[in-house]
Amino acid sequence: MKLCELTIKQAHLGLKNQEFSAKELTKAFLSEISLKDKKISSFLTQTKDLALSQAEKVDELISRGKELPNLAGIPLALKDNILVKDVKCTAGSKILENYIAIYDATVIKKLKERGAVILGKTNMDEFAMGSSTENSAFFPTKNPHDLTRVPGGSSGGSAAAVAANLCCYALGSDTGGSIRQPASFCGVVGLKTTYGAVSRYGLIAMASSLDQIGPITKTVEDAKIVFDAISGKDPLDSTSVEKKVSTFGFQPSALRIGVPKEYFIEGIDPEIEKLIKEAIKKIEDLGAKIFEVSLPHTKYALSTYYMVMPSEVSANLARFDGIKYGYSITKSKEPRAKNLLDVYLKSREEGFGNEVRRRIMLGTYALSAGYYEAYYLRAQKVRTLIKEDFDKAFEKVDFLLTPVSPVLPFKIGERIKDPLSMYLADILTVSVNLAGLPALAIPCGKVGKLPVGLQIIGKPFYEDSLFQLGQIFEEINE
Amino acid sequence: MINKEEVKHIAKLARLGLTEPEIEKFQKELSSILDYIEKLKGVDIKNVEPTSHTLKIENVSREDVVKKLDIEKVKKLIKAFPERKNTFLKVKSIFRN
């Protein structure tokens, strides 16, 4: 039995039956990281001491015969935009290169209470802006299935670490596809949670009306275990809510599945289209009824996203000013700032990378006097229409099935020079964030050695039903 | 197409320093992204309400009470200041002499 290949469920049973200790499990991952991560580069920071001390506490719990929560002693990795008290948190940016978090994010508080073991923080596109993890200020992460290709992004480090068995599971964040697309590229399961289902307190904000934290795991069952642990209302995040609906139990034969025709666009890789159609056929063979549906405003989703998101980015990232914490030119040996304005201008010029500055500029432009109505307000109205498309579709069907990405994992360096071509990688994932829906990315096959992911989109707060369908699909797709 | 002066103006509003070659680079890149976004002008948005947020929750309030001060947290916050004098955050003067 290779400890690093275990799912959460399997590792939990192993710990419970005392087949191995939490410390042994943790050490197995730590040595796997030191062995394999030189090639993959998924970790930015390792928290070895923290991990071992957390594992010891769990072993003590086991030795005293106490009941073991299902995440206790299970090692995980965290995207480096989620705060862990007294651990460096960079958001993949030079501006936070030496920033040490002062408190735990709510999701971390919940995981710690359940005895989780934190192995470290994973690489990401700077401030979660990107689809390849090449925008990290530190180094790019490689796809474990092909080291010349990107792992996707922005949660690329988390997805690569799960795929390479460098952690049992990981957390990522998804603003426009940043959990689902890397999960698809790395051949693992990723969940974008319903907006409001998981607290954002302690997540470094990118676009507040779109951001959600979610799990990246090896199986759908594991995604459910993590989701159940981290979700719920939090007084520290006023946009978090208590889950109102739990599930609809179903027989596969009673299912109504929608296939949005706009998601099989020109330019989609024919091999991907083939695998997705085969996946849909397999679900149809169980007796589910398949309907073609239309989400007519899909063609405006990416434009809407690239107006709403940068606007929120420009406001959220105003806090990084070289004054309170993080990178500041006032720390240079030679005095370089003549006045306060210089401190702002130069600290932000040197601290932020190209993509971050591009989005701040775009957002500032969209929100500036004279352009607000033509750009931002218009985009918010189109957002309403995109959401209504989904509302209408969900009157007729229970789920929507689509590809996660129109393209296979691309070569490192292939898209990074042309921002717009990188943005197009998000074309099938952004609508879900604009509409606040939950969606599961689940592996459905491979083209050569490159994984392809199926996206299952559900109604708001119907995560449990997504897990049910996801598990059914996992079984028939084996 | 946005012009160079507009790029400089936005950069100043956003408090972002830009070098001369960067101004040109951003002018090109922002223009091509804005051209792409022009698509939105083709949508009929008459009588459509804007969505800023997908959850219909408003005016979340809490009791206005002072929480107990965590002195360790305060010390760490002060330690993170780029420049300080004793326990004060130091900034450049904002008035001319």
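Source: prediction; values computed, not measured.

(A) Focus on the overall build of chain B. In terms of regular secondary structure, chain B is built from 3 helices and 2 strands. Starting at the N terminus, the α and β elements of chain B follow one another as α-α-α-β-β.

(B) Representation of the environment of A164 of chain A within the structure. Following the sequence through the fold, A164 of chain A ends up in the loop between α5 (156-163) and β4 (169-174). Apart from residues no more than four positions distant in its own chain, A164 of chain A is found in contact with K36, I40, S42 and P144 of chain A.

(C) Looking closely at the sheet that holds strand β11 (residues 450-457) of chain A. Residues and elements named next belong to chain A. With respect to topology, 11 strands assemble into an open sheet ordered β1-β3-β2-β4-β6-β5-β10-β11-β9-β7-β8, the strand pairing being mixed. What marks the edges here is a single partner per strand, and that holds for β1 (43-46) and β8 (289-293). Taking the axes of each pair of neighbouring strands and ignoring which way they run, one obtains an average angle of 30° across the sheet. Relative to β8, strand β7 (residues 256-260) runs parallel, the two being bridged by 5 bridges. Paired with R256 across the bridge in β8 is K289.

(D) Structural view of the packing of helix α7 (residues 220-230) of chain A against helix α15 (residues 463-477) of chain A. Residue and element names in this part refer to chain A. It is at 9 Å that the axes of α7 and α15 come closest, and there the two elements cross at 160°. Here α7 is positioned roughly antiparallel relative to α15, judged by the angle of their axes. The two elements α7 and α15 cross, and the hand of that crossing is left-handed. Here α7 contributes V220, E221, A223, K224 and F227 to the contact with α15, which in turn contributes E463, F467, G470, Q471 and E474. The residue makeup of the contact of α7 with α15, split by class, is 4 nonpolar, 2 polar and 4 charged.

(E) Looking closely at the interface of chain A and chain B. Listed as interface residues are 52 residues of chain A and, on the opposing side, 41 residues of chain B. Elements supplying a minimum of two residues to the side of chain A that touches chain B: α9 (301-316), α10 (340-351), α11 (354-367), α12 (373-396) and α13 (419-423) of chain A. Residue composition of the side of chain A that touches chain B, by class: 25 nonpolar, 16 polar and 11 charged.

(F) Examining the nonpolar core more closely. Residue and element names in this part refer to chain A. Core analysis: the biggest nonpolar cluster contains 163 residues, and L76, C167, A170, M361 and I456 have the highest contact counts within it. When residues in this core are grouped by element, the largest group, 8 residues, is from α9. Sequence-distant contacts of L76, defined by excluding residues within four places in its chain, comprise A116, V117, I118, L119, C167, C168, Y169, A170 and L171.

(G) Region of interest: the environment of E49 of chain B. Residues and elements named next belong to chain B. Here E49 lies in the loop between α2 (20-37) and α3 (71-79). You can call E49 exposed: it has 8 C-beta atoms within 10 Å. On a C-alpha basis, the gap between E49 and N59 in space is 19 Å, while along the polypeptide they are 10 residues apart.

(H) How the structure looks around the pairing of strand β2 (residues 75-79) of chain A. All names here are of chain A. Within β2, 5 of the 5 residues are buried, which leaves it mostly tucked inside the rest of the structure. Residues P75, A77 and K79 of β2 are buried on one face, and the alternating residues L76 and L78, pointing to the opposite face, are buried as well. Bridge count between β2 and strand β3 (residues 117-122): 5 bridges; the pairing is parallel. Each bridged residue has a counterpart across the sheet, and for A77 the counterpart in β3 is G120. For the handedness criterion, the β-α-β arrangement of β2, helix α4 (residues 106-113) and β3 is classed as right-handed.

Criteria and thresholds
- Residues numbered from 1 in each chain as written.
- Chains lettered and ligands numbered in written order.
- Predicted model: local features only at pLDDT ≥ 70, side-chain atom pairs only at ≥ 80, totals over all residues.
- Helix = DSSP H or I, 4+ residues; strand = E, 2+ residues; numbered from the N terminus.
- Contact = placed C-beta atoms within 7 Å.
- Pairing = 2+ DSSP bridges.
- Axes fitted to C-alpha atoms, helices over the stretch in contact; angles between N-to-C directions.
- Parallel < 35°, antiparallel > 145°, perpendicular 65-115°, else oblique.
- Left-handed = near helix turned anticlockwise from the far one by under 90°.
- Nonpolar A, V, L, I, M, F, W, Y, C, P; charged D, E, K, R; others polar.
- Core = buried A, V, L, I, M, F, W, Y, C linked by C-beta atoms within 7 Å.
- Buried ≥ 20, exposed ≤ 12 C-beta atoms within 10 Å, placed from the backbone.
- Right-handed = clockwise from strand over helix to strand, strands pointing away.

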